[in-house]
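Below, each chain spelled out in residue letters.
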Amino acid sequence: MHRIIIILRFGCFMKKSLWIWLNGYIELLISGNQKERFLNLCKNKSINIWNIRKDEDNIYCYIKSKDYFKLKPVFRKLRIVPKIMNKYGFPYLKFKYRRRKPFLIGVGIGFVLMYICSLYVWNITIEGESRHTDVELTEYLESINICEGIKIKDVICNDIERSIRKEYSDIGWVSAQIVGTRLIISIKENTLIPEKEKLPETGSLVACNNGEIVSIITRNGTPLVKAGDVVNKGDVLVSGLITIYDDAGEVKAKHKCLADADIYIKYTLKYEDTIPLKNEIKEYIGKEKKKYSIIYKKDKINLFNSVEYSDNCDIILKSCSLNIWGDFYLPFDIEVTSLRKYKMVEKVYTEEEASNKCIDNFNIYLDSIKNEYVNVEDSYIDYKIYGNFLKAAGSVTLIEKVTAYDDIYEINTEN
Amino acid sequence: MIPQEVITNSSVVTIIGNNCITFENYKGILEYDSNKLIVQTKKNKITILGEKLCIQYFYDYEMRVSGKICEISIQKV
């Protein structure tokens, strides 16, 4: 409530200030001995004055232009000669530029163009997407005739929300709103658990790598190994074949099922890396050159000087929509092309630099092998310089959950 | 409910912190300087002592003074 009152008051203040500016106001300097009397007479004549400040023996104040003429009898009465310090507002601006009609017409046309621009959507922002890309959603919006340049009155936010929800079943919540000349579409994607890979109806769990069984808990099937056993890749760990024996110990029946067990295998991978100590790196020459372009839809207009492209140069493109303030976007994009020339120079890494690079590579390798089934139990790396190379060797001990299935083959377990 | 200042025909003086003071229902200014301001109300004379005193606006119904206000005193006329 308090905030609303402040906004309303600020709104009234702005309206009042704009009205005063449109009618024009002046800054006066009053000198003499009867300054207080002058202020009181202004009050009695209901003339509003503001920003009154005293500087030595003079008083500076602001007054509306039309009130200045009402004060003439007061000046005569008090024998004051006021001095107009400055004139502000539209009437004075109009007078100043009276001989520059094309300029005023240009300003007028500018305002009209801005008004026309404000009737269209010039920027579409999509927020909250993760699985769907901006491009995909923008293409879909284009297919339902929602694109940059559409009239704001033709945009029905409810329809957009409804059609997006209908098209994408995994988008649970959509909100479309127009702010300024911008269409903001916020989406929330459903965070459903992804469907598991389809498992076969029957099958045996087999070892995915050569290694040692760390633990085994069988829920379904016949376990063929125990913790501590060493297995090879492809060995059946839990068979999907369940044999039922009768009281005499003879096979009564055999059932095929899908083996289910938590089996963890520990194995070691070797790691090797070679880093050359001599490398070519970029050394930038001269200053960065920038090229500015204005883009309207697919047309591009280059501004200022054009920059020459050459083979050895880095080109960085930055593009942004042009907006006057806040959400008032214009139908133009500004593209800044930064160009920086370089030459390749040879650099020799120190042992520390090379070893840091080697450790970075090793960490990247560790991150690449980790996943929801594979954990790193232990890792080790050692490096040494041989001539112009730093050679690294190490090992990684992993514990992996067995998830590989194979067809059921009958295995003679009696032995 | 009719406000008390309307019944008693008194002035309303509102101070915000020590840098803004608003007068309503006042008669006029007796003395104005960047360090001193004496305001005549219907029943009293209010003296404000401070630094860099500036009259933000001076309307017939309301006046606001800004600056560093150090002392306020009221004398009965």
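All values reported here derive from a predicted model rather than from experimental measurement.

A count of helical and extended segments in chain B gives one helix and six strands. Its helices and strands in sequence order give chain B the pattern α-β-β-β-β-β-β, from N to C terminus. A total of 77 residues make up chain B; the buried ones form 38% of that total. Here the analysis covers contacts within chain B between residues at least 6 apart in sequence; of these, 42% occur between residues at least 24 apart.

Okay, the side chain of A:Ser239 next. Residue and element names in this part refer to chain A. Mapped onto the elements of the fold, Ser239 is located in strand S12 (residues 236-239). One polar contact links the side chain of Ser239 to the main-chain amide nitrogen of Leu241, over a distance of 3.1 Å. Each residue touching Ser239, except ones within four places of it in the same chain, is listed here: Ser204, Gly221, Thr222, Leu224 and Ala259.

Attention now goes to the packing of aromatic side chains. How two aromatic rings sit relative to each other is set out by the distance from centre to centre and by the angle between their planes. In total, this model carries 19 aromatic pairs over all chains according to the counting rule given. Ring geometry for A:Tyr25 and A:Tyr88: centres 5.1 Å apart, planes at 25°, overall stacked. Taken together, the residues A:Tyr25 in strand S1 (residues 25-31) and A:Tyr88 in strand S4 (residues 83-88) connect sequence positions 63 residues apart. A:Tyr88 gets classed as partly exposed once you look at its relative accessible area, which sits at 27%. Both rings, one in B:Tyr57 and one in B:Tyr59, keep their centres 4.9 Å apart while their planes meet at 25°; by these two values the pair is stacked. Of the two residues, B:Tyr57 and B:Tyr59, neither departs from the other in class, the shared state being buried. Following the ring pairs from residue to residue traces out a cluster consisting of A:Tyr25, A:Trp50, A:Tyr62 and A:Tyr88.

Residue and element names in this part refer to chain A. One open sheet accounts for five strands, arranged S11-S9-S15-S21-S20; its pairing is antiparallel. Two strands bound the open sheet, and with one partner strand each, they are strand S11 (230-231) and strand S20 (374-386). Where strand S15 (residues 260-276) meets strand S21 (residues 389-401), 13 bridges bridge the pair, whose relative direction is antiparallel. Residue pairing for S21: Thr274 is matched across the bridge by Lys391.

In this section: the nonpolar core. A general trend in soluble globular proteins is that nonpolar side chains are found buried together. Grouped together as the largest cluster of nonpolar side chains are 34 residues, with contacts concentrated most on A:Phe38, A:Ile52, B:Phe23, B:Leu37, B:Ile55, B:Phe58 and B:Met63. A total of five residues in this core trace back to one element, the largest contributor, which is strand S5 (residues 44-58) of chain B. Apart from residues no more than four positions distant in its own chain, A:Phe38 is found in contact with A:Ile30, A:Cys61, A:Leu71, A:Val74, A:Phe75, A:Leu78 and A:Ile80. If you look at the next biggest cluster of nonpolar residues, it comprises 20 residues, including A:Ala207, A:Ile213, A:Val231 and A:Ile263.

Take the sheet that holds strand S19 (residues 329-348) of chain A next. All names here are of chain A. Read across the open sheet, the four strands follow the order S17-S16-S19-S18; overall the sheet is antiparallel. At either margin of the open sheet sits one strand with a lone partner, and together these are strand S17 (299-303) and strand S18 (313-323). For this sheet, the mean inter-axis angle between neighbouring strands, taken without regard to orientation, is 35°. Relative to S19, S18 runs antiparallel, the two being bridged by ten bridges. Paired with Cys313 across the two strands is Lys341, which belongs to S19.

With eight of ten residues buried, helix H2 (residues 35-44) of chain A lies mostly within the body of the structure. Buried residues along H2(A) sit against S1, strand S2 (49-55), strand S3 (58-64) and helix H4 (72-78) of chain A together with strand S3 (26-32) and S5 of chain B. Immediately beyond the C-terminal end of H2(A), within one or two residues, lies A:Ser46, with a positive phi of roughly 55°.

This paragraph deals with the interface of chain B and chain A. With 17 residues of chain B at the interface, the matching set in chain A holds 15 residues. With both chains or domains summed, chain B and chain A bury close to 1,400 Å², and 54% of this area falls on carbon and sulfur atoms. Ranking the residues of chain B by area buried against chain A places B:Tyr32, B:Phe58 and B:Tyr59 at the top, with a combined share of 45%. In this structure, the connection of chain B to chain A is made through zero salt bridges.

On to a nonpolar patch on the surface, then. Taken together, A:Ile105, A:Ile109, A:Val112, A:Leu113, A:Tyr115, A:Ile116 and A:Leu119 make up a surface patch of nonpolar side chains, about 670 Å² in accessible area. Here A:Tyr115 lies in helix H6 (residues 101-117).

What follows deals with the side chain of A:Glu161. Residues and elements named next belong to chain A. Within the secondary structure, Glu161 sits in helix H8 (residues 157-167). Lacking a salt bridge, the buried Glu161 has Arg165 as its closest oppositely charged neighbour, with an N-O distance of 4.8 Å. Other than its neighbours up to four places away in sequence, Glu161 contacts Val174, Ser175 and Ala176.

Further remarks concern the pattern of salt bridges. Residues and elements named next belong to chain A. Across all of its chains, the model carries twelve salt bridges over all chains by this definition. Close ionic contact of Asp170 with Arg131 constitutes a salt bridge, the shortest N to O distance being 3.8 Å. Placement of Asp170 in the loop between H8 and strand S6 (171-179) and of Arg131 in the loop between strand S5 (123-127) and helix H7 (134-143) is noted, with a sequence separation of 39 residues between them. Across the pair Lys300 and Glu335 runs a salt bridge whose closest N-O atoms are separated by 2.9 Å.

Rules used in this analysis
Residues numbered from 1 in each chain as written. Chains lettered and ligands numbered in written order. Predicted model: local features only at pLDDT ≥ 70, side-chain atom pairs only at ≥ 80, totals over all residues. Heavy atoms only, no water. Helix = DSSP H or I, 4+ residues; strand = E, 2+ residues; numbered from the N terminus. Buried < 20%, exposed > 50% of the residue type's maximum accessible area, 1.4 Å probe, protein only. Contact = heavy atoms within 4.5 Å. Polar contact = N/O pair within 3.5 Å; in protein donor to acceptor, adjacent residues only side chain to side chain. Phe/Tyr/Trp six-rings, centres within 6.5 Å; stacked < 30°, edge-to-face > 60°. Pairing = 2+ DSSP bridges. Core = buried A, V, L, I, M, F, W, Y, C linked by side-chain atoms within 4.5 Å. Axes fitted to C-alpha atoms, helices over the stretch in contact; angles between N-to-C directions. Buried area = accessible area lost by both parts, 1.4 Å probe. Salt bridge = Lys/Arg side-chain N within 4 Å of Asp/Glu carboxyl O. Patch = residues over 30% accessible without salt bridge, like charges linked within 9 Å, V, L, I, M, F, W, Y side chains within 5 Å. Areas by Shrake-Rupley, 256 points an atom, 1.4 Å probe, with all protein chains shown as cover. Lys, Arg positive; Asp, Glu negative; His and termini not counted.

Coordinates in, geometry out; function isn't part of it.
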